[in-house]
Amino acid sequence: MQISFARADRRRRPRIPYTSCTSIAQLAMRLLFRAVVLTFALLAAGCSHVNPYYDASKPHHRQQGFANNYPSNPAYARPPQGFFAGWAARIRNWSDDGSARLPLAPVPTVKPDLAFIHANRTEPALTWIGHASFLYQTGNGVNILFDPVFEDRASPLSFAGPKRQQPPGVLLSELPRIDAVLISHSHYDHLSGDSLRALYRQAGGPPTFYVPLGIDLWLMENVTGGKREHIVRLDWWEKASFHGLDLHLLPVHHWSARTPWDRNATLWGAWAVTRPGFNFFFSGDLGYSKDIQDIAARFEGGFDLAAIGIGAYQPIWYRNSHVSPDEAVRIHRELRVRRSVGMHWGTFPMGQERIDQAPRDLALARQAQGVADDAFFVLKIGETWRLGAQPAQVGAVP
């Protein structure tokens, strides 16, 4: 319907009492919330998902998707919310200006050592691009990207959603040729169509994408133009071999979704990249669960290096999806990791804590659990951890 604002119509329009531009904006946002939530509800009502990989013999498989191995922690239960209230809260969080979550001091960044990154073929090294995005150089000549997200927002929308607070520590154009990309799950701060399409078009040919079940189909539809020859899908506890490496997809407590109607339609997981002489663990997103003891039982020798999430743990019900720094240190100990790097902080405001709070809480957790400062630390965005580096060379946030 078109509304005319001709002179004759103006006389008949009811007057809107003047309040303020802020009040009008707030009213507009409330109406937008309701419209978006209603749209989601209508779309969800008409959508259902069938798991093409359903295997009734596997307890974590469902006909519509996948499930966690263990129940959620009731101490972290979210207060009851209806569908509309839940999605209204999410949209408010996405549209928030983030001022309450700004860092107390600038998040440390450093210019990447591109000369080393491009020349390195023999030394295990881990470069923090930001959030959960890492370049892992395996020490046997292989370059792996984990959860590469280079966009300004971790969101399906260009104008709303968690906004990047620091530029990527290494730009897409600055990367060496990537041999493999490992994805943990489908959330927007871990799975980016634009970033993956750029990597698929890299000079020298596409990398191989290793993904949990279901994300392979998303890649074919959104990245590879229907081609599957550069995609390897895995279920929990499965592994693939790649240039002398074993790539293991491991069960962790989380969930997946890219829309309101595809929750848990695709699998999620952590990764272990192992070779003789060096084991690396990448947590992805996870809540603390007995899965950690299950992983520890299968990797009795532990891990030489790990990247473990430490951010997005407030409010408390987030902890069924993201571990707190205290739980991250517990995971570090239970997996027998020699050196751990804290991730999932400082880039996108995903939780309600300040984006630089996690390293401070990590320091307290280390002290409480008797873990040395150089055994579980954080990097500066853009910084590279090297196997031969001394503790003083590792970036730290007070």
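Reading the values: the criteria
- Residues numbered from 1 in each chain as written.
- Predicted model: local features only at pLDDT ≥ 70, side-chain atom pairs only at ≥ 80, totals over all residues.
- Heavy atoms only, no water.
- Buried < 20%, exposed > 50% of the residue type's maximum accessible area, 1.4 Å probe, protein only.
- Helix = DSSP H or I, 4+ residues; strand = E, 2+ residues; numbered from the N terminus.
- Arc of directions from axis to C-beta.
- Contact = heavy atoms within 4.5 Å.
- Pairing = 2+ DSSP bridges.
- Axes fitted to C-alpha atoms, helices over the stretch in contact; angles between N-to-C directions.
- Lys, Arg positive; Asp, Glu negative; His and termini not counted.
- Salt bridge = Lys/Arg side-chain N within 4 Å of Asp/Glu carboxyl O.
- Polar contact = N/O pair within 3.5 Å; in protein donor to acceptor, adjacent residues only side chain to side chain.
- Phe/Tyr/Trp six-rings, centres within 6.5 Å; stacked < 30°, edge-to-face > 60°.
- Lys NZ or Arg CZ within 6 Å of the ring centre and 35° of its normal.

1. Looking at helix H5 (residues 193-200)
When H5 is considered as a whole, its buried residues turn out to be Gly193, Ser195, Leu196, Leu199 and Tyr200. Down the axis of H5, the sector holding all buried residues measures 165°, keeping them to one side. Where H5 is buried, its residues meet strand S5 (143-146), strand S6 (180-182), strand S7 (208-212) and helix H6 (215-222).

2. Points about the sheet that holds strand S4 (residues 133-137)
Ordered by their spatial adjacency, seven strands build an open sheet running S8-S7-S6-S5-S4-S3-S16, and the pairing between neighbours is mixed. Two strands lie at the open edges of the sheet, namely strand S8 (231-234) and strand S16 (384-386), each paired on one side alone. Mean inter-strand twist for the sheet, computed between neighbouring axes without regard to direction, equals 20°. Direction of pairing for S5 relative to S6: parallel, over a ladder of three bridges. What sits directly across from Phe146, in S6, is Leu182. On the sheet, H6 packs against S7 and S8 and is oriented at approximately 135° with respect to S7.

3. Some thoughts on the side chain of Glu327
Checked against the element boundaries, Glu327 lands in helix H8 (residues 325-334). Within the buried core, Glu327 has no salt-bridge partner, and the shortest N-O distance to an opposite charge, that of Arg319, equals 5.2 Å. Among the polar contacts listed, one links the side chain of Glu327 to the backbone nitrogen of Ser324, at a separation of 2.9 Å.

4. So, the pairing of S8
In this structure, S7 lies alongside S8, joined through four bridges in parallel fashion. Paired with Pro212 across the two strands is Leu234, which belongs to S8.

5. Overview of helix H7 (residues 291-298)
All of the buried residues in H7 are Asp291, Ile292, Asp294, Ile295 and Ala296. Of the surrounding secondary structure, the elements contacted by the buried residues of H7 are strand S10 (245-250), strand S12 (278-282), strand S13 (303-309) and H8.

6. What about the packing of aromatic side chains?
As enumerated under the stated definition, the model contains ten aromatic pairs in all. Taken together, a centroid distance of 5.8 Å and an interplanar angle of 75° make the contact between Tyr210 and Phe242 edge-to-face. Taken together, the residues Tyr210 in strand S7 and Phe242 in strand S9 (residues 239-242) connect sequence positions 32 residues apart. For the pair Tyr210 and Phe242, one class covers both residues: buried. Ring geometry for Trp236 against Trp268: centres 6.0 Å apart, planes inclined by 75°, an arrangement best described as edge-to-face. Of this pair, Trp236 sits in the loop between S8 and S9 while Trp268 sits in the loop between S10 and strand S11 (270-275), and the two are 32 residues apart along the sequence. Neither residue differs from the other here; Trp236 and Trp268 are each classed as buried. Clustering of aromatic rings is evident, with ring pairs tying together Phe134, Tyr136, Phe146, Phe280 and Phe282. Note that Arg298 overlies the ring of Trp237, its terminal NZ or CZ placed 3.7 Å from the centroid. The side chain of Arg386 reaches across the aromatic face of Phe116, ending 3.9 Å from its centre.

7. Quick look at the pairing of S9
The side-chain alternation of S9 yields one buried face, formed by Ala240 and Phe242, and one unburied face, formed by Lys239 and Ser241. Linkage of S9 to S10, two consecutive antiparallel strands, is achieved through a turn of two residues, within which His243 is found at a positive phi near 50°.

8. Here's the deal with the environment of Pro74
With respect to the helices, strands and loops of the structure, Pro74 is situated in the loop between strand S2 (65-66) and helix H3 (83-95). With 246 residues separating them in the primary sequence, Pro74 and Asn320 have C-alpha atoms 8.9 Å apart.

Purely spatial values, then, with no claim about function.
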